[in-house]
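# Overview (structure and organization)
Single-letter residue listing:
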Amino acid sequence: NQDGVIDAADIIIDNGTRITTRAGVTWQIGNNDPLGFVLSYNRSEREFQGTTDPNLFDNRSDRYSLATLLRISPVLQGNVTLSYIDYSANDISLTDRQTTTLSTGVTYNVSPVTTVDASIGVSRVDETLRAIPSNTVDDGFVASFAWTKTLPNGSANFLVDRTFGTNGDRTDVQAGRSYVLPRGAFDFSIGVTQGPFGNTTPIGSLNYTHTLPSSQFTAALQRRVSTSTQSVETQQTQASLGYDYFINSVSSASLGVNYLEQSNDGTGPSNRRQRANLNASYTHALTKDWDRTVGYQHRFANDPTPGSASGNSIFVSLGRQFVLKP
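So, here's what we can say about the structure. These numbers were taken from a predicted model, which means no experiment stands behind them. (Residues numbered from 1 in each chain as written. Predicted model: local features only at pLDDT ≥ 70, side-chain atom pairs only at ≥ 80, totals over all residues. Heavy atoms only, no water.)

### Notes on the overall build of the chain
Scanning the chain from terminus to terminus reveals 0 helices and 17 strands. Here the C-alpha coordinates of the chain stretch approximately 55 × 55 × 45 Å along the principal axes. Within the span of the chain, comprising 326 residues, buried residues form 27% of the whole. When contacts within the chain are restricted to residue pairs at least 6 apart in sequence, those whose partners lie at least 24 apart make up 43%. Of the roughly 19,400 Å² of accessible surface on the chain, 57% is carried by carbon and sulfur atoms. Both charge centroids of the chain, one from 25 positive and one from 29 negative side chains, sit 7 Å from each other. (Helix = DSSP H or I, 4+ residues; strand = E, 2+ residues; numbered from the N terminus. Buried < 20%, exposed > 50% of the residue type's maximum accessible area, 1.4 Å probe, protein only. Contact = heavy atoms within 4.5 Å. Areas by Shrake-Rupley, 256 points an atom, 1.4 Å probe, with all protein chains shown as cover. Lys, Arg positive; Asp, Glu negative; His and termini not counted. Charge placed at Lys NZ, Arg CZ, Asp CG, Glu CD.)

Below is the structure:
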């Protein structure tokens, strides 16, 4: 979960090594001018060594984006965005996919506490399967509408988002609310998504944090549908509970429970998969920058094939935190 999203490949059990590389840069000019530009590039790459599962394959993605910002007035801003994604994978089909999206939109401050964002555009997916070989080119329109209002104790929001990908179009509709609490925070969202196969699935999220002078409790729940690296529409439910106790200024103890369930979305077999783990750890700061962590983990897995499995492990890690200032 290094990039914030658990892909179907992340929960495959196999022997071997995975190397994940990510890098990105953003350049923005004209921040205070009527006309501004934002140029960004992001690269992510995964390499597998010594694995046997065919669903674990090397892949990389290069993302380019150029946005032109037009500040029409203090409360109205227009934009035109061109993005290009170049994806390549050494899967069974040897997939190469280029996704180009051109959109235009506006951001309007309806009032000091209310903002509306809207955009519309077109997306083209050019996919080549070199092993077959075959080539397909599909076009679809994309659009989004977001409403956000700041409230005395938090904020409220509403979102409609239509995207277009390798399997077709997907539309998400969500409404959410966030609260600032005396000793923490609470936010939730609830909605539905309709995918390329016409089926409608509930989605949403919930996050809660409660902070005490020497401890903190967190809880999270998320339900989402996305396209995996195997080009499969995947439903995912993720839940977690965490408790951190700060013993003193240099040491702390943590307890966490995590649960994940994935299944394929659409007309084929669901292929339901479950993962869970229990973690208990103790962290001690050796110096200002170095810390040592010892702990215990119990893991559980359940797949249609080969079935369920569980395991226990004790770990020791050494970490260093640093900040680079250009």
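### So, the pattern of salt bridges
Enumeration according to the criterion identifies 15 salt bridges in this entry. For Asp-303, the salt bridge identified is with Arg-275, shortest N-O distance 2.8 Å. Of this pair, Asp-303 sits in the loop between strand E16 (290-302) and strand E17 (308-320) while Arg-275 is found in strand E15 (residues 273-285), placing the two residues 28 residues apart along the sequence. Several salt bridges share partner residues, and in doing so they unite Arg-43, Glu-45, Arg-60, Asp-62 and Asp-86 into one network. (Salt bridge = Lys/Arg side-chain N within 4 Å of Asp/Glu carboxyl O.)

### Regarding the pairing of strand E13 (residues 233-248)
Direction of pairing for strand E12 (residues 215-227) relative to E13: antiparallel, over a ladder of 13 bridges. Looking across to E13, one finds that Leu-221 is bridged to Ala-239. Adjacent in sequence and paired antiparallel, E12 and E13 are bridged by 5 residues, among which Ser-231 carries a positive phi angle near 60 degrees. Bridge count for E13 against strand E14 (residues 251-264) is 14 bridges, and the pairing is antiparallel. (Pairing = 2+ DSSP bridges.)

### Points about the packing of aromatic side chains
Within this structure, the stated rule accounts for 6 aromatic pairs. Here the aromatic rings of Tyr-64 and Tyr-84 are separated by 6.2 Å at their centres, their planes lie at 40 degrees, and the arrangement is tilted. Residue Tyr-64 is located in strand E3 (residues 59-73), and its partner Tyr-84 is located in strand E4 (residues 76-89); the two are separated by 20 residues in the primary sequence. Arranged with centres 6.4 Å apart and planes meeting at 65 degrees, the rings of Phe-186 and Tyr-208 form a pair that is edge-to-face. Here the residue Phe-186 occupies a position in strand E10 (residues 184-194), and Tyr-208 occupies one in strand E11 (residues 200-212), the gap between them amounting to 22 residues. A relative accessible area of 25% places Phe-186 in the partly exposed class. Joined through ring pairs, the aromatic side chains of Tyr-179, Phe-186, Phe-188, Tyr-208 and Phe-217 make up one cluster. Above the plane of the ring of Phe-141 lies Arg-162, whose end atom (NZ or CZ) is 3.9 Å from the centre. The ring of Tyr-179 carries the charged tip of Arg-177 above its face, separated from the ring centre by 4.0 Å. (Phe/Tyr/Trp six-rings, centres within 6.5 Å; stacked < 30°, edge-to-face > 60°. Lys NZ or Arg CZ within 6 Å of the ring centre and 35° of its normal.)

### A short note on the side chain of Gln-235
Checked against the element boundaries, Gln-235 lands in strand E13. At 2.6 Å, the side chain of Gln-235 forms a polar contact with the side chain of Asp-265. (Polar contact = N/O pair within 3.5 Å; in protein donor to acceptor, adjacent residues only side chain to side chain.)

### Some words on the layout of surface pockets
Within this model, the second largest pocket holds a volume of roughly 840 Å³. Lining the second largest pocket are 30 residues, and of these Asp-10, Ile-11, Ile-12, Arg-275 and Arg-299 sit closest to its centre. (1 Å grid on protein atoms, 1.4 Å probe; cavity = no way out; pocket = protein on both sides within 12 Å on 5 of 7 lines; lining within 4 Å. Points joined across faces, edges and corners; volume = space filled by probe spheres on them.)

### Side note on empty space enclosed by the protein
According to the stated counting rule, one finds 1 cavity of 30 Å³ or more in the structure shown. The volume enclosed by the largest cavity comes to roughly 40 Å³. Together, Asp-7, Ala-9, Arg-46, Phe-48, Asn-55, Leu-56, Phe-57, Asn-59, Thr-229 and Gln-230 line the largest cavity. Grouping the constituent residues of the lining of the largest cavity by class yields 4 nonpolar, 4 polar and 2 charged. (Nonpolar A, V, L, I, M, F, W, Y, C, P; charged D, E, K, R; others polar.)

### Details of the pairing of E15
As defined by bridge partners, E14 adjoins E15 across 12 bridges and the pair is classed as antiparallel. In the strand pairing of E15, Ser-252 is matched with Thr-283. Where E15 and E16 come together, 12 bridges link them in antiparallel fashion. Residue pairing across strands places His-284 opposite Arg-292, the latter belonging to E16.

### Overview of unusual backbone geometry
In this structure, the amide linkage connecting Ile-132 to the following residue, Pro-133, adopts the cis form with an omega of -15 degrees. Structurally, Pro-133 can be placed in the loop between strand E6 (114-129) and strand E7 (134-151). Even without being glycine, Asn-271 reaches a positive phi, approximately 50 degrees. Mapped onto the secondary structure, Asn-271 falls in the loop between E14 and E15. Under the relative-accessibility criterion, Asn-271 is labelled partly exposed at 34%.

### Focus on the environment of Thr-283
When you line up the elements, Thr-283 lands in strand E15. For Thr-283, a relative accessible area of 21% translates into the label partly exposed. It is 5.5 Å that separates the C-alpha atoms of Thr-283 and Ser-251, two residues lying 32 residues apart in sequence. Filtering out sequence-adjacent residues up to four positions away, Thr-283 remains in contact with Val-250, Ser-251, Ser-252, Asp-291, Arg-292 and Thr-293. Side chain to side chain, Thr-283 and Thr-293 meet in a polar contact 3.0 Å long.

Take it as geometry only, folks, not as evidence of what the structure does.
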